[in-house]
Amino acid sequence: LSSGINAEYGGAGIAAVSLEKFPKVILKDVSETAISKGEDMVRDVFQRRVKRKKMSQFDCDRLMSSLHTELDLSNFGDTDLVIEAVFEDINLKHRIIKEVEAATPDHCIFASNTSALPIGDLAKASKRPENFLGMHYFSPVDKMPLLEIITTDQTSKEATRAAVEVGLKQKKTVIVVKDGPGFYTTRVIGALMGEAFACIQEGTSPQDLDKAFVKFGWPVGGASLVDEVGIDVAYKVTKYFLEVFGDRISAGDPRVIEELVESGCLGKKSGKGIYLYDKRQKGGVRQLNPVAEKILQRYRTPGQAAPSTEDVQWRTYMRSVNEAALCLQEEIIANPVDGNIGMIFGIGHCPQRGGPFQFLDTYGAQNFVDKMRQYEENIGFRFEPAQIVIDYANSGKKFMSS
């Protein structure tokens, strides 16, 4: 038995990957309009499979008829797992946690689909912290293979095991990480996108940034990635990371993202972000959003030459690898293998390079430290190499054989 809170966006995707494997899936939201949108999103997932002949129309209709929808929690009395997928607002999440726990049995596990808010902070509203954890799905949920499960010191092994089993039934590749700001994947994305925005402010155009990313081995360009994630989501995460990490992660001026959001440039979901997403466009070529272009120009660093394509590629990639190493150093991830899996399946981290820790072994820890030191001297402290990489460079150890 699996239940979802918030019918739109992530909630609908989670419902779609759950319907085939669980006897009862409930999609809950606060209005009929939201419920209807959520149902349409779930149906769209299945209809795409029907169109590709991966599913029969009969099975599509059968699964849709088995989806339960609710406007309140009155039918949650026999629920085993609730996955909450509301917006990244800790007060809203706290309220929902209390309401859900009052309506569900003591054994019910509560999972928050959050991309950055610490699970320990969310669990403060829970009367059952042993049954509380994070289940971080990636958008679009029906296509992205990774599920990042986040546990606190209070999360029981039984709850963790149950969440892993759910993820595997949903056909997800699962990693379990410890709690912390941004966990693993979002924290690395924060460093990556922070450096990407720094390059844009130094004069790299969004189109050139995207070309540099793809040429280096990323499946999608940096500007396109932030549009896909949602600029409003990126803004909330950036604000939070500035509070906990300072300028070390968020390298660019945060007012850029703030003004983009205030101007209604929320990314692909709103039809306009850094690019325009007009269905009438032909040839797959995206047009730069003129509103976003003006904002980016306004925050351009005066008198500075744009970084070379090679520098854009290495600065962004090295920052992401270094942040992954810091997560291993701080035991956010259990081992380098999980680190590679999380990056490749979560954000498409240049898979041909094998993930950040395979890259460190292939490129050489000492070479990595030397290159980071050069950038640190020329650009600033955010390029200080992780101590664990320095230690491996000094000892000659390999991450993938340690």
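The following refers to the structure shown.

Another aspect to go through is the environment of aspartate 227. With respect to the helices and strands, aspartate 227 occurs in helix α9 (residues 222-229). Among the residues examined, aspartate 227 registers a relative accessible area of 0% and is labelled buried. Sequence separation between aspartate 227 and aspartate 106 is 121 residues; the distance between their C-alpha atoms is 40 Å. In terms of polar contacts, aspartate 227 uses its side chain to reach the backbone amide nitrogen of isoleucine 274, at 2.9 Å.

On to the environment of arginine 286. Position of arginine 286 among the secondary structure elements: in the loop between β9 (275-276) and β10 (287-288). Residue classification places arginine 286 among the partly exposed residues on the basis of a relative accessible area of 40%. Taking C-alpha positions, arginine 286 is 30 Å from phenylalanine 241, a pair spaced 45 residues apart along the chain. Side-chain polar atoms of arginine 286 contact the side chain of serine 224, separated by 3.2 Å.

Along strand β6 (residues 132-137), six of the six residues are buried, which leaves the element largely enclosed by surrounding structure. Burial along β6 is two-sided: Phe132, Gly134 and His136 facing one way and Leu133, Met135 and Tyr137 facing the other are all buried. As defined by bridge partners, strand β5 (residues 109-112) adjoins β6 across three bridges and the pair is classed as parallel. If you follow phenylalanine 110 over to β6, its bridge partner there is phenylalanine 132. The sheet contact formed by β6 and strand β7 (residues 146-151) spans four bridges and is antiparallel. Looking at the pairing, histidine 136 lines up with glutamate 148 of β7.

What follows deals with α9. Among the eight residues in α9, six count as buried, and that is most of the element. Turning to α9, its buried residues are Gly222, Ala223, Ser224, Leu225, Val226 and Asp227. Buried-residue contacts for α9 involve α7 (185-201), α8 (206-216), α10 (231-245) and β9.

Inspection of the secondary structure puts proline 356 in helix α15 (residues 356-363). Measuring from C-alpha to C-alpha, the distance between proline 356 and proline 129 comes to 33 Å, with 227 residues separating the pair along the chain. Contact partners of proline 356, with chain neighbours within four places excluded, come to Tyr184, Val321, Ala324, Gly339, Asn340, Met343 and His349.

This paragraph deals with the packing of aromatic side chains. Going through the model one piece at a time under the given rule, you end up with 15 aromatic pairs. Seen from their ring centres, tryptophan 314 and tyrosine 363 are 5.5 Å apart, and the 35° between their planes marks the pair as tilted. Linking tryptophan 314 in helix α13 (residues 309-329) with tyrosine 363 in helix α15, this pair joins segments that are 49 residues apart in sequence. You can call tryptophan 314 buried: its relative accessible area is 13%. When the centroid spacing of 4.0 Å and the interplanar angle of 5° are considered together, the rings of tyrosine 392 and phenylalanine 399 count as stacked. Residue classification places tyrosine 392 among the buried residues on the basis of a relative accessible area of 12%. Judged by relative accessible area, phenylalanine 399 falls into the buried class, the value being 2%. Members of the aromatic cluster, joined through ring pairs, are Phe213, Phe216, Trp218, Trp314, Tyr317, Phe359 and Tyr363.

Rules used in this analysis
Residues numbered from 1 in each chain as written. Predicted model: local features only at pLDDT ≥ 70, side-chain atom pairs only at ≥ 80, totals over all residues. Heavy atoms only, no water. Helix = DSSP H or I, 4+ residues; strand = E, 2+ residues; numbered from the N terminus. Buried < 20%, exposed > 50% of the residue type's maximum accessible area, 1.4 Å probe, protein only. Polar contact = N/O pair within 3.5 Å; in protein donor to acceptor, adjacent residues only side chain to side chain. Pairing = 2+ DSSP bridges. Contact = heavy atoms within 4.5 Å. Phe/Tyr/Trp six-rings, centres within 6.5 Å; stacked < 30°, edge-to-face > 60°.

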